[in-house]
Amino acid sequence: MKEEEILEGLHAQGATEVQIIKRKEKEDKLVNTKMAIVTLKKPKIPRKVDFGLYMLKVELYVPRPMRCTMCMRLGHTKKWCKGEQVCAKCSKPMHLNQCNETKCISCGENHHTLDKNCPVYLDEYEIQRIRTEKRIAYGEARRIRRGLSGPTGRNQDNIRKNDTNNNQDNNHRKHNTNYNKHRKHDT
């Protein structure tokens, strides 16, 4: 099934864009999966959408944290990297010989840098989840995750009750209007 056909079938339910998730197969050939990202123009995520004869479950699409394939750090991509290329297994400058140790460049622990259970990766994923759910900017989601408030990054316990700047800052938040929903469909 093509993205245009799916969009046509979901347009009446507020769908504005469809992107079928693809995966690589042999020889780097991309093939469609049975998953799609559907952008819905709705203030609230529906639990299900009607797709022909099927009622399909809708889940919020939370993008994975960006990771540079050059320096292996989170938060930017290779295009913007100013670091040197490192080995994802040992976190040392790129080399051709076998690695004797395993060390994560993000947290320094003894696991592969690309391990999805890394505490730093999980923290960044949680920031992405907050950002997507609340439709807010990354910086604000990070402050929420860290238990901080306002653009100054002060801890909640340290904020004085008569601080009017904090209230003014909250009234001028930038909102991320990413309404992407992750849902399954038959392709």
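- Where an unreviewed UniProt entry is consulted, the protein appears under the name Pre-C2HC domain-containing protein, with the organism given as Anopheles albimanus.

**Remarks on the overall build of the protein**
For step 1, the next point in the chain: What the protein contains, in helices and strands, is 4 helices and 7 strands.
For step 2, the next point in the chain: Secondary structure elements of the protein, listed N to C terminal, follow the sequence α-β-β-β-β-α-α-β-β-α-β.
For step 3, the next point in the chain: Within the span of the protein, comprising 187 residues, buried residues form 34% of the whole.
For step 4, the next point in the chain: Within the structure as shown, the protein displays about 13200 Å² of accessible surface, and the carbon and sulfur contribution to it stands at 48%.

**Some points on the side chain of His111**
For step 1, the next point in the chain: In this fold, His111 is placed in the loop between strand 4 (54-60) and helix 2 (119-134).
For step 2, the next point in the chain: Owing to a relative accessible area of 14%, His111 belongs among the buried residues under this scheme.
For step 3, the next point in the chain: Not counting residues within four places of it along the chain, the set of residues in contact with His111 comprises Thr102, Lys103, Cys104, Cys118 and Pro119.

**Things to note about the environment of Gly52**
For step 1, the next point in the chain: Considering the arrangement of structural elements, one finds Gly52 in the loop between strand 3 (48-51) and strand 4.
For step 2, the next point in the chain: Separated by 43 residues in the primary sequence, Gly52 and Gly9 have C-alpha atoms spaced 7.3 Å apart.

**Observations regarding helix 2**
For step 1, the next point in the chain: Here helix 2 contains 16 residues, and its C-alpha end-to-end distance of 22 Å stays within 8% of the 22 Å for a straight helix at 1.5 Å per residue.
For step 2, the next point in the chain: Inspection of helix 2 places Tyr121, Asp123, Glu124, Glu126, Ile127, Gln128, Ile130, Arg131 and Thr132 among the buried residues, and these make up the whole buried set.
For step 3, the next point in the chain: Here the buried face of helix 2 lies against strand 4 and helix 3 (138-145).
For step 4, the next point in the chain: Backbone geometry just downstream of helix 2 places Arg135 in the positive-phi region, at approximately 55°.

**A few points about the state of the cysteines**
For step 1, the next point in the chain: One pass over the structure, following the stated rule, counts 0 disulfides.
For step 2, the next point in the chain: Cys81 takes part in no disulfide bond, and the closest cysteine sulfur to it belongs to Cys68, at a distance of 3.6 Å.
For step 3, the next point in the chain: The thiol of Cys104 is not disulfide-bonded; the next cysteine sulfur, from Cys118, is found 3.7 Å away.

**Section: unusual backbone geometry**
For step 1, the next point in the chain: The backbone phi angle of Glu27 is positive, close to 60°, even though this residue is not glycine.
For step 2, the next point in the chain: Mapped onto the fold, Glu27 is located in the loop between strand 1 (15-24) and strand 2 (30-40).
For step 3, the next point in the chain: A positive phi angle, near 65°, is found at Ser91, a position not held by glycine.

**A look at the pairing of strand 2**
A regular strand places its side chains so that they alternate between the two faces of the sheet.
For step 1, the next point in the chain: One ladder, built from 8 bridges, connects strand 1 with strand 2; its direction is antiparallel. Residue pairing in the sheet places Lys24 in a bridge with Leu30 of strand 2.
For step 2, the next point in the chain: Hairpin connection from strand 1 to strand 2: 5 residues lie between these consecutive antiparallel strands, with Glu27 at a positive phi of about 60°.

Each value, and the rule that gives it
- Residues numbered from 1 in each chain as written.
- Predicted model: local features only at pLDDT ≥ 70, side-chain atom pairs only at ≥ 80, totals over all residues.
- Heavy atoms only, no water.
- Helix = DSSP H or I, 4+ residues; strand = E, 2+ residues; numbered from the N terminus.
- Buried < 20%, exposed > 50% of the residue type's maximum accessible area, 1.4 Å probe, protein only.
- Areas by Shrake-Rupley, 256 points an atom, 1.4 Å probe, with all protein chains shown as cover.
- Contact = heavy atoms within 4.5 Å.
- Expected span 1.5 Å × (residues − 1).
- Disulfide = S-S within 2.5 Å.
- Pairing = 2+ DSSP bridges.

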